[in-house]
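# Residue-level structural notes
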Amino acid sequence: MQERIPSFLTRKPQPDSPERASGRIRTSFVTKGIETISSVLRTGFIQWETASKRGFFQGIDTRVKVLFLVFFIVIVSLKKTIFSETAMAFFFLGLALASRLDLIKHYGKILALTFAFGFLPAVPSVLNIFTPGDVIFSVFHLEKGHLLGPLVIPREIGLTDEGLRRVVMISLRVMNSLSISLLVFASTPFIEFIRALKVFRVPDVFLMTITLAYKYIFIFARTVFDMHLAKKSRMTGAESDREARQWVSGRMAFMFRKSQQQCEEVFRAMTARGLSDTVKLRRIPLPVTKDWMAGLGLFLSGILFLMI
Amino acid sequence: MKPISEIIKIDQVSYRYHGRIPALDNVSLSIRQGAMFSVIGSNGSGKSTLLQIISGLIHPERGAVLFRDHEVSENALRDRTFLKFFRERVGFVFQDPDVQLFCPTVLDELLYGPLQLDLDEKEALSRAEEVMVMLHMEDLKNRPSYMLSGGEKKRVAIGAVLTMNPEVLLFDEPTSGLDPKTQVFLLELLLALNEAGKTIVISTHDLSLVDELQSQVAVLSEEHRIEKIGSAEEILKDEDLLLKVNLIHEHVHYHGQTAHTHIHSHYLFHKH
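Residues numbered from 1 in each chain as written. Chains lettered and ligands numbered in written order. Predicted model: local features only at pLDDT ≥ 70, side-chain atom pairs only at ≥ 80, totals over all residues. Heavy atoms only, no water.

## Some details on the side chain of Arg68(B)
Residue and element names in this part refer to chain B. Operational definition: In DSSP terms, a helix is any run of H or I states spanning at least four residues, a strand is any run of E spanning at least two, and both are numbered starting from the N terminus. The buried label goes to any residue with under 20% of its type's maximum accessible area, the exposed label to any with over 50%, and the partly exposed label to all in between, with areas taken from a 1.4 Å probe on protein chains only. Each polar contact in these results corresponds to two N or O atoms within 3.5 Å; when the atoms are within protein, one needs to be able to donate a hydrogen and the other to accept it, and residues that are neighboring in sequence are counted only if both atoms are side-chain atoms.
If you trace the backbone, Arg 68 turns up in the loop between β4 (62-67) and β5 (70-71). Look at Arg 68 and you get buried, because its relative accessible area is 5%. At a separation of 2.4 Å, a polar atom in the side chain of Arg 68 contacts the side chain of Glu 167.

In structure tokens:
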């Protein structure tokens with residue numbers, strides 16, 4: 001082998017030290033995008049870690065949690081007073097505390113989503129243009145009122161008491177719905193959550209497909225990140241956006257091929273282990289006393305909230 | 001200028017994946033220029049992470065990596081001159097060649113590195129041709145990487161790094177998934193490259209490879225710490241150490257009707 005080593009491989013690169021600095025390299029949009037993809041792995045890991053903690057909600061049977069989720073979302077939608085919604089918000093906060101969630105991150109997510117999907121869309125309804133009522137804070141005065149299609153524009157435009165209540169109510173409902181949903185998601189491993197959907201008679205083949213798709217997202221993210229590292233190891237300077245796009249398109253084709261190959265292999269592996277025309281998943285063990293007690297407690301809490 | 005004998009220095013490096021999963025804990029070692037160096041450990045001990053940190057692909061949470069006395073940090077690698085200086089000198093061969101091969105054909109793959117280094121095309125082509133001859137892949141020149149076998153892909157991945165003529169070659173699990181003939185070919189290649197002056201660093205749990213290469217060895221424990229650094233002979237003799245880091249194990253089997261327990265590594269210690 002030694003005699004076949006090309007002569008260029010025995011040459012030493014010059015110089016021994018890098019010359020003086022010649023500018024910085026900016027991070028390309030592709031690199032930023034791939035780093036975002038890799039955060040999928042991190043998010044998945046954090047979800048799994050949180051769901052594996054020894055907390056109140058983590059210890060309950062997933063089916064009880066799924067039923068709790070549906071039951072409380074109905075209650076949140078039925079309630080019409082700010083008091084009851086606020087009481088429920090505190091109840092969910094208590095559950096999050098008992099489940100040992102990172103409250104800052106958990107509520108950071110909830111509040112950001114509430115702001116985007118609850119508060120912002122509802123905020124115009126504070127004005128008396130959309131919600132008629134007693135103006136408590138005047139914003140604008142017109143010389144006379146107008147009629148714009150179905151909208152009545154009054155002379156005095158301002159915030160109404162009813163409008164404010166409506167915005168607070170919508171925001172609280174969105175926040176509470178998110179609190180329950182994210183509490184259940186954070187305290188349940190995703191695979192368990194999917195399995196618990198059997199309660200609603202979701203077919204096994206569908207559950208298996210979701211499970212495989214979820215698993216593949218992680219394999220995909222890992223492979224994409226490894227490909228990015230492999231390219232990085234051979235990059236000696238900045239790349240143009242055009243080069244980056246070319247690389248991405250080439251790698252997309254590779255991933256497509258790999259996905260097809262993997263799909264076929266998984267199917268063969270399933271066939272080799274007895275798959276015929278139906279998928280059969282194991283039955284989940286029945287809930288134990290602790291789960292029934294927790295379920296009863298949550299059910300009674302729900303009834304209490306319905307009554308207040 | 002005094003000759004630098006220590007080409008890579010790892011100083012108290014710690015790393016956790018996603019800021020949570022520990023991969024390396026306070027690891028320190030140094031690698032001499034022209035050395036043959038192996039990092040061994042069981043699965044998940046942090047071997048591949050260590051190699052990726054050495055090659056500046058990921059960066060430690062704590063501690064420092066020095067290449068020829070220059071710190072290899074995220075910030076340093078944003079400097080154009082240093083990036084070129086470093087990547088020209090340190091090559092990385094990934095365990096899975098699929099992630100490494102992204103050019104349309106084998107020839108493009110071999111030319112990619114030299115062209116990044118601003119070599120003229122003639123010189124780059126000449127390097128690619130020489131590497132193809134050395135690695136017996138002249139016939140693969142115009143093939144796309146997805147039409148290659150596992151062993152061929154590995155050779156192309158190595159060739160793609162060699163055309164850049166790095167001083168240091170990092171191989172992550174070089175023999176994993178290869179047939180015995182390709183393994184022998186790779187072993188001879190590693191020895192020849194080392195003989196030609198290249199610093200070779202490999203991560204592996206293949207003790208026979210370590211023995212064949214007679215390298216310096218750093219043993220990583222399952223707690224992601226350096227357990228011991230020494231010569232291949234010294235490390236491979238230390239059964240207690242290899243048992244402790246799970247590179248060999250006790251195993252029971254039968255001779256006729258008699259059950260018999262002994263240390264087993266699938267290589268060195270299958271002795272009765």
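## Digging into the confidence of the model for chain B
Residue and element names in this part refer to chain B. For clarity, the cut-off: Predictor confidence is given residue by residue as pLDDT, running from a minimum of 0 to a maximum of 100. Any two residues having at least one pair of non-hydrogen atoms within 4.5 Å are treated as being in contact.
On average, residues of chain B score 89 in pLDDT, and 91% of them reach the 70 mark or higher. Contacts of residues 268-272 to residues separated by more than four positions or lying in other chains number 18 contacts, the stretch itself having pLDDT below 50. As scored by the predictor, the complex reaches a pTM of 0.77 and an ipTM of 0.77.

## Remarks on the pattern of salt bridges
Filter applied, for reference: Criterion for a salt bridge: a side-chain nitrogen of Lys or Arg within 4 Å of a carboxyl oxygen of Asp or Glu.
On inspection of all chains with the given rule, the structure shows 25 salt bridges over all chains. Put simply, Glu264(A) and Arg268(A) hold a salt bridge, and the shortest N to O gap is 3.7 Å. With Glu264(A) and Arg268(A) both in helix α8 (residues 241-272) and four residues apart, this pair spans about one turn of that helix. For Glu264(A), a relative accessible area of 43% translates into the label partly exposed. Looking at Arg268(A), the relative accessible area reads 53%, which means it is exposed. Put simply, Lys84(B) and Asp118(B) hold a salt bridge, and the shortest N to O gap is 3.4 Å. Placement of Lys84(B) in helix α2 (residues 80-89) and of Asp118(B) in the loop between α4 (106-116) and α5 (121-134) is noted, with a sequence separation of 34 residues between them. You can call Asp118(B) exposed: its relative accessible area is 60%.

## Thoughts on unusual backbone geometry
All names here are of chain B. You will see that His 18, though not glycine, has its phi angle at about 55°, which is positive. Mapping His 18 onto the fold places it in the loop between β1 (6-17) and β2 (21-32). At Asp 69, a residue that is not glycine, the phi angle is positive and equals roughly 70°. When you line up the elements, Asp 69 lands in the loop between β4 and β5.

## Comments concerning the packing of aromatic side chains
For the record, the criterion: Centres within 6.5 Å make a pair out of two Phe, Tyr or Trp rings, where for Trp the six-membered ring is used; the pair is then stacked when the planes are under 30 degrees apart, edge-to-face when over 60, and tilted otherwise. When the NZ atom of lysine or the CZ atom of arginine is within 6 Å of a ring's centre and also within 35 degrees of its normal, the charge is said to sit over that ring.
Considering all chains together, one arrives at 23 aromatic pairs over all chains under this definition. Note on Phe115(A) and Phe119(A): the rings are 5.6 Å apart at their centroids and 20° apart in plane angle, and the pair reads as stacked. Residue Phe115(A) and its partner Phe119(A) are located together in helix α4 (residues 103-122), separated by four residues, close to a single helical turn. According to the relative accessible area criterion, Phe119(A) is partly exposed, its value standing at 32%. For the pair Tyr15(B) and Tyr17(B), a centre-to-centre distance of 5.0 Å together with 85° between the ring planes defines the contact as edge-to-face. Grouped by ring-pair contacts, the aromatic residues Phe56(A), Phe57(A), Phe68(A), Phe71(A), Phe72(A), Phe91(A), Phe92(A), Phe299(A) and Phe305(A) constitute a single cluster. The lysine or arginine in question, Lys231(A), covers the ring of Trp247(A), its NZ or CZ lying 4.4 Å from the ring centre.

## What to know about the pairing of β2(B)
All names here are of chain B. In plain terms, the rule: Pairing between two strands is assigned when DSSP locates at least 2 bridges connecting them.
Pairing of β1 with β2 involves eight bridges; the strand directions are antiparallel. In the strand pairing of β2, Tyr 15 is matched with Leu 24. The antiparallel hairpin formed by β1 and β2 contains three residues in its connecting segment, where His 18 sits at a positive phi of about 55°.

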